[in-house]
Amino acid sequence: MASVRQAEQGSLRAPGFRWWHGIIIGLLLSYVPGSLLVAGVLLLPLVALRLVDPNADGQRIMIVLFYVGAAMVHPLHEAWAANGDWETCITQITQPVTLALDWLAAGAAWLVAEASAIGGRLWNTEVARRERKSIEKRIAYLQGEWMTADEDPPAS
Amino acid sequence: MADTQADNSQELLIAERYLISLDRKQPDLGGCATYGAQDTTATGTSYLGLAPFAPSARLSEIMFFRHESVIPIHTHEYAQGALWLLCPHPPGPSLAEFLGLWTESQLIDGVIRPLASLLQHLEAAKLTCRSIRPDNLFVGQGLHKVVLGPLGVSAPAEKQPVLFEPLSSAVCRPSARGEGTIDDDIFSLGVIILALAIGKLPLEGLSDADILKRRFEVGTPAAYMEGHSVPVGLRSVLTAMLSDDPVSRPSPRDLVTIAPSKVFTVRPVVPARVPLVIGGNTVYTPQALAWYAGRHPAEFSGLLQRKVISNWLHRELELSVMASLIEQASASFLPAAGNKAVDPATMVITHAISVLDPGAPMFWGGLWFWPEALPQMLAQATVQPVIPDDERMVRNILSFMSGNPDAFMWAHLPQRQGQQITTLSVAARRMGGKGGELVRRFPYDMNSFLPCLSKRCLDERISLPEGLLQWLNRHVGVEDLPDDILGRSGFLDDQMRSFLEANCARQGIIPLSQSQKAGLPPWLADLTLLAAVQRKFDRTPLSFLAQRALPLLEMELRQWRSKTSRARRRVRLGKAAEDGNLGTFLATVNDPTGLRLDQRQAQDAEAEISNLMRVLDEAPERKAAADREARNSGEFFSLLTGIAVAMASIWLEFCR
């Protein structure tokens, strides 16, 4: 069941918002608006990626999410530690180092994903090339063994 | 039987015991080349080494025949496939050197009784002698007792002069005389007695044709004894012995018990009151007419058609039965029928002659012959044709006679001829071949001592198959056998093939059936035959032969599809050729199971190649799929690193 739903979700172009997403966001907005602000600001690279790269699918977003999440740990911790203090939250999202880290994390995620895809493709090509070479070698051997005459043109 | 040739090649050591000095040629004994020989194991024992070319077919029986009046065959050995007979020296010079004048009692004790006793023993053994002639009779120094040369060392009666043969075989050419009967030997004995009694040969100086003519004119006894002072006591026995009618001749038993002046009665030959003239010759007896019929067939058939002959027989000879038989024979005359195989005209003459003289040999196709002698005639015609077309003619006669015995089996065919024709046709059926091949095999099948008649090895007198193999092995080089001939007609010629096949058949093996032979190139069929012979008779390696066949067989290896198996088999071929075992040599190439396996593997390989080709063709499609996969796995990897980074970040934040 779960896999079916995942597949359904993956097939949607836009992230499928459900009514309970709204409730959760509403609750967060009312109880921890500071933290939500920090999270929202720090999740902006995701939105940017979504807009810039049309190929970015759910999986790519997920990858970037983890990297961005890694960058988000510290500000959110700070925000949490300050009990959602509005000022602290503002400070967090205006800190250039944090923002830079956040964007860099998104960029790094994208870079790593692309690079590993390219690497995988290269690896595959190499494997295919080797395979092709061995097949050609086998064909040449078989033809030499079975299809050539010693001194005359092939009998068959 | 290790045969070695001494270094100087003038001495031949056979059976590691008998040393034959090829340079010490002796006078021919029994009609075959003779050399001095020694037994090396017993010093001082000297023998004669006889090199018979085509001995009697019954030599194996004759060799065990012993009699005091005949020089025994001590032993027989083969040297390089050629037969050698060893016999002791004759006791003295032959009668051909000096006849002498013998008295009646000397003749009775020294010639008639011993030879009659010999003939009696031969008759009991169902053998004939057919070699009583001056050059084959030997007299010890100072003795008056003759000893006959070894029997069976040449074809029966082949060396007999016309003078010493009864009319029934004298009319035939030497090779066509056949085994004959003891009566024929009695006749020869009679001639020798006459010659010894008068001190010279009768009718001396006349040619063979003149001798025959004279004998037909007045009868042999009269022709031989006319004008000579024959002892009175011998006159009766000689007249009987020289009689042209075999029934009138005395039997050996009569002669063994002969006493001086014993009287023999002979049924007198009644000549015609008025002679018949044929070809300018006057003829008084039916026998003479039969002979002249053979010499002037056209005139004879004219007389036959005009019923002159039957009238003559009826009126002048009062032979009414014979006359009516002749009339019947000429009634079947079909004028100018163009059947080549049996010319009816000739057949009628054959028929008429057998009626006229039942004791005469068969006359057919212009030849006088005894049917049993046909194989020997063919051998002789092959080796030494009398006329250019001899071999073909004899072959046709033999082929027709063995294939259609019924054509000759008319009611009055003399019994002896009938039996001989039946024997021939039975032999032909047993051989089972057909056409030229059958006829070629005939001489070899009928005479196991006959050497291979191929022109290439005739001088070697090879009569053993292993001998021929060894000879071939030595004479297989390019100079003896050029490549184009080898490719076209194989290793053997027809005579060699027939020789080997006859020898194989004698051992009960048939190397190749007709149909198998048809599908093979000649050299391969020959090799198969040679391999069979080698397996059966001789294990000696035939390396040269195999080496010569190597390139040809390597061509055959092309049937194999696999390159490595070709190479492997080529190596094996080379090794087998060195070993000289033709069986394994051939089996390397002639391997149906291996070939089938090879074909199947070749098909498998073809299938695999097409499979692999398809795989190569599908490569782009698979590449797209692989790219997608690569992207997925790359992203999975990125996800993992992302998770790891996130965990690390959390760890840094909270746990440090």
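Residues numbered from 1 in each chain as written. Chains lettered and ligands numbered in written order. Predicted model: local features only at pLDDT ≥ 70, side-chain atom pairs only at ≥ 80, totals over all residues. Heavy atoms only, no water.

When helices and strands are tallied, chain A shows seven helices and zero strands. Buried positions account for 28% of the 156 residues belonging to chain A. Taking the contacts inside chain A whose residues are at least 6 apart along the sequence as the reference set, 70% of them involve residues at least 24 apart. Total accessible area computed for chain A in this model is approximately 10100 Å², and 68% of it derives from carbon and sulfur atoms. (Helix = DSSP H or I, 4+ residues; strand = E, 2+ residues; numbered from the N terminus. Buried < 20%, exposed > 50% of the residue type's maximum accessible area, 1.4 Å probe, protein only. Contact = heavy atoms within 4.5 Å. Areas by Shrake-Rupley, 256 points an atom, 1.4 Å probe, with all protein chains shown as cover.)

Take the overall build of chain B next. Helix and strand counts for chain B come out as 27 helices and 13 strands. For chain B, whose C-alpha radius of gyration is 38 Å, the value lies well above the compact-globule estimate of 26 Å for 656 residues. C-alpha extents for chain B along the principal axes are approximately 165 × 70 × 40 Å. Considering only intrachain contacts with a sequence separation of at least 6, the fraction spanning at least 24 residues in chain B is 66%. Carbon and sulfur atoms provide 55% of the accessible area of chain B, an area that totals close to 29300 Å². Mean positive and mean negative side-chain charge positions of chain B (65 and 70 charges, respectively) differ by 3 Å. (Rg over C-alpha atoms; globule rule 2.2 N^0.38 Å. Lys, Arg positive; Asp, Glu negative; His and termini not counted. Charge placed at Lys NZ, Arg CZ, Asp CG, Glu CD.)

Now for the interface of chain B and chain A. Each partner contributes residues to the interface: chain B has 42 residues there, and chain A has 38 residues. In this structure, the connection of chain B to chain A is made through three salt bridges. Applying the counting criterion to the chain B and chain A interface returns 15 residue pairs in polar contact (both at pLDDT 80 or more). Mapped onto the side of chain B that touches chain A, the elements with two or more residues apiece are helix H24 (563-579), helix H26 (592-617) and helix H27 (619-654) of chain B. Element by element, the count of residues in the side of chain B that touches chain A is highest for H27(B), at 23 residues. (Salt bridge = Lys/Arg side-chain N within 4 Å of Asp/Glu carboxyl O. Polar contact = N/O pair within 3.5 Å; in protein donor to acceptor, adjacent residues only side chain to side chain.)

As a further point, take the environment of B:Tyr78. In this structure, B:Tyr78 sits in strand E6 (residues 75-79). Each C-alpha atom, one on B:Tyr78 and one on B:Ala15, is 7.8 Å from the other, the two residues being 63 residues apart in sequence.

Residue and element names in this part refer to chain B. Phi at arginine 130 is positive, roughly 55 degrees, even though this residue is not glycine. Its location among the elements puts arginine 130 in the loop between helix H2 (104-124) and strand E8 (137-139). Residue classification places arginine 130 among the buried residues on the basis of a relative accessible area of 2%. Unlike most non-glycine residues, arginine 461 shows phi in positive territory, near 55 degrees.

Turning our eyes to something else, we now look at the pattern of salt bridges. Under the counting rule described, the total for this entry stands at 33 salt bridges over all chains. A salt bridge links A:Arg138 to B:Glu608; the nearest nitrogen and oxygen atoms lie 2.6 Å apart. With one member in each of two chains, A:Arg138 in helix H7 (residues 96-146) and B:Glu608 in helix H26 form a pair that bridges those chains. A relative accessible area of 33% places A:Arg138 in the partly exposed class. Residue B:Asp494 pairs with B:Arg497 through a salt bridge whose shortest N-O separation is 3.1 Å. Residue B:Asp494 and its partner B:Arg497 are both found in helix H20 (residues 494-506); the two are separated by three residues, about one turn of the helix. Through salt bridges with shared partners, a single ionic network connects A:Arg60, A:Glu114, B:Arg631 and B:Glu635.

What follows is about the pairing of strand E4 (residues 32-39) of chain B. Residues and elements named next belong to chain B. Counting buried positions along E4 gives six out of eight residues, so the element sits mostly inside the fold. Sheet analysis places strand E3 (residues 18-29) next to E4, joined by seven bridges and oriented antiparallel. Looking at the pairing, leucine 19 lines up with glutamine 38 of E4. Count of turn residues in the E3/E4 antiparallel hairpin: two residues, of which glycine 30 carries a positive phi of about 65 degrees. Sheet analysis places E4 next to strand E5 (residues 46-51), joined by six bridges and oriented antiparallel. Residue pairing in the sheet places glycine 36 in a bridge with leucine 48 of E5. (Pairing = 2+ DSSP bridges.)

According to UniProt, the feature "coiled-coil region" (unreviewed entry) maps to residues 595-622 of chain B in the numbering used here. Taken as a whole, residues 595-622 of chain B contains 96% helix and 0% strand, while its terminal C-alpha atoms sit 39 Å from one another. (UniProt positions renumbered as here; feature names shortened; annotations may be inferred.)

Let us now look at the pairing of E3(B). All names here are of chain B. Sheet topology note: the strand E2 (residues 11-14)/E3 ladder contains four bridges and is antiparallel. Residue pairing across strands places leucine 12 opposite isoleucine 20, the latter belonging to E3. In sequence, E2 turns back onto E3 through a hairpin of three residues, with alanine 15 there showing a positive phi of about 55 degrees.

This part takes up the environment of A:Ala70. Mapped onto the elements, A:Ala70 comes out in helix H5 (residues 58-81). Relative accessible area serves as the criterion here: at 10%, A:Ala70 is assigned to the buried category. Once the C-alpha coordinates of A:Ala70 and A:Leu101 are considered, the two residues, 31 residues apart in sequence, prove to be 9.6 Å apart. Sequence-distant contacts of A:Ala70, that is, excluding residues within four places in its chain, are made with B:Val645, B:Ala646 and B:Ser649.

Our focus in this paragraph is the packing of aromatic side chains. All names here are of chain B. Tallied over the full model, the rule gives ten aromatic pairs over all chains. Aromatic pair phenylalanine 400 and phenylalanine 408: ring centres 6.0 Å apart, planes at 70 degrees, arrangement edge-to-face. In terms of burial, phenylalanine 400 and phenylalanine 408 fall into one category: buried. Joined through ring pairs, the aromatic side chains of Phe216, Trp291 and Tyr292 make up one cluster. Geometry around tyrosine 35 places lysine 25 over its ring, the cationic atom sitting 5.4 Å from the centre. The ring of tryptophan 370 has arginine 416 sitting right over it, with the charged end atom 3.9 Å from the ring centre. (Phe/Tyr/Trp six-rings, centres within 6.5 Å; stacked < 30°, edge-to-face > 60°. Lys NZ or Arg CZ within 6 Å of the ring centre and 35° of its normal.)

Residue and element names in this part refer to chain B. Closest axis-to-axis distance for the helix H14 (residues 374-383)/helix H15 (residues 390-403) pair is 8 Å, and the angle between their directions is 160 degrees. For the element pair H14 / H15, the angle class is roughly antiparallel. In terms of crossing hand, the pair formed by H14 and H15 is left-handed. Each of Leu374, Met377, Leu378, Ala381 and Thr382 in H14 lies in contact with H15, whose residues at this interface are Asp390, Glu391, Val394, Arg395, Ile397, Leu398 and Met401. Here the contact of H14 with H15 is built from residues that sort into eight nonpolar, one polar and three charged. (Axes fitted to C-alpha atoms, helices over the stretch in contact; angles between N-to-C directions. Parallel < 35°, antiparallel > 145°, perpendicular 65-115°, else oblique. Left-handed = near helix turned anticlockwise from the far one by under 90°. Nonpolar A, V, L, I, M, F, W, Y, C, P; charged D, E, K, R; others polar.)

Attention shifts here to a nonpolar patch on the surface. Residues and elements named next belong to chain A. On the surface, Trp19, Trp20, Ile23, Ile24, Leu27, Leu28 and Tyr31 cluster together into a nonpolar patch covering about 810 Å² of accessible area. Within the secondary structure, tryptophan 19 sits in helix H2 (residues 19-31). Given the relative accessible area of 66%, tryptophan 19 is considered exposed. (Patch = residues over 30% accessible without salt bridge, like charges linked within 9 Å, V, L, I, M, F, W, Y side chains within 5 Å.)

Next up on the list: the side chain of B:Ser188. With respect to the helices and strands, the residue B:Ser188 is situated in helix H4 (residues 182-198). Those residues within four positions of B:Ser188 in sequence are excluded, and the remaining contacts are B:Ile132, B:Gln160, B:Phe164 and B:Glu165.

What follows concerns the UniProt feature "transmembrane region" (unreviewed entry) in chain A. Taking the numbering used here, the UniProt-annotated feature "transmembrane region" (unreviewed entry) corresponds to residues 20-49 of chain A. Taken end to end, residues 20-49 of chain A is 93% helix and 0% strand, and its first and last C-alpha atoms sit 25 Å apart.

Before going further, it helps to spend a moment on the nonpolar core. All names here are of chain B. Residues Val111, Leu189, Ile193, Tyr224, Leu255, Phe300 and Phe369 are the most contacted members of the largest nonpolar core, which totals 116 residues. The dominant element in this core, judged by the number of residues it contributes, is H4, at twelve residues. When near neighbours in sequence (up to four residues on either side) are disregarded, leucine 189 contacts Val111, Leu115, Ala116, Leu119, Ile132, Met241 and Leu255. (Core = buried A, V, L, I, M, F, W, Y, C linked by side-chain atoms within 4.5 Å.)

The next point concerns the environment of B:Asp406. All names here are of chain B. As for its position among the elements, aspartate 406 is in the loop between H15 and helix H16 (415-431). What makes aspartate 406 exposed here is its relative accessible area of 65%. In this structure, the C-alpha to C-alpha distance between aspartate 406 and glycine 418, residues twelve residues apart in sequence, is 9.8 Å.

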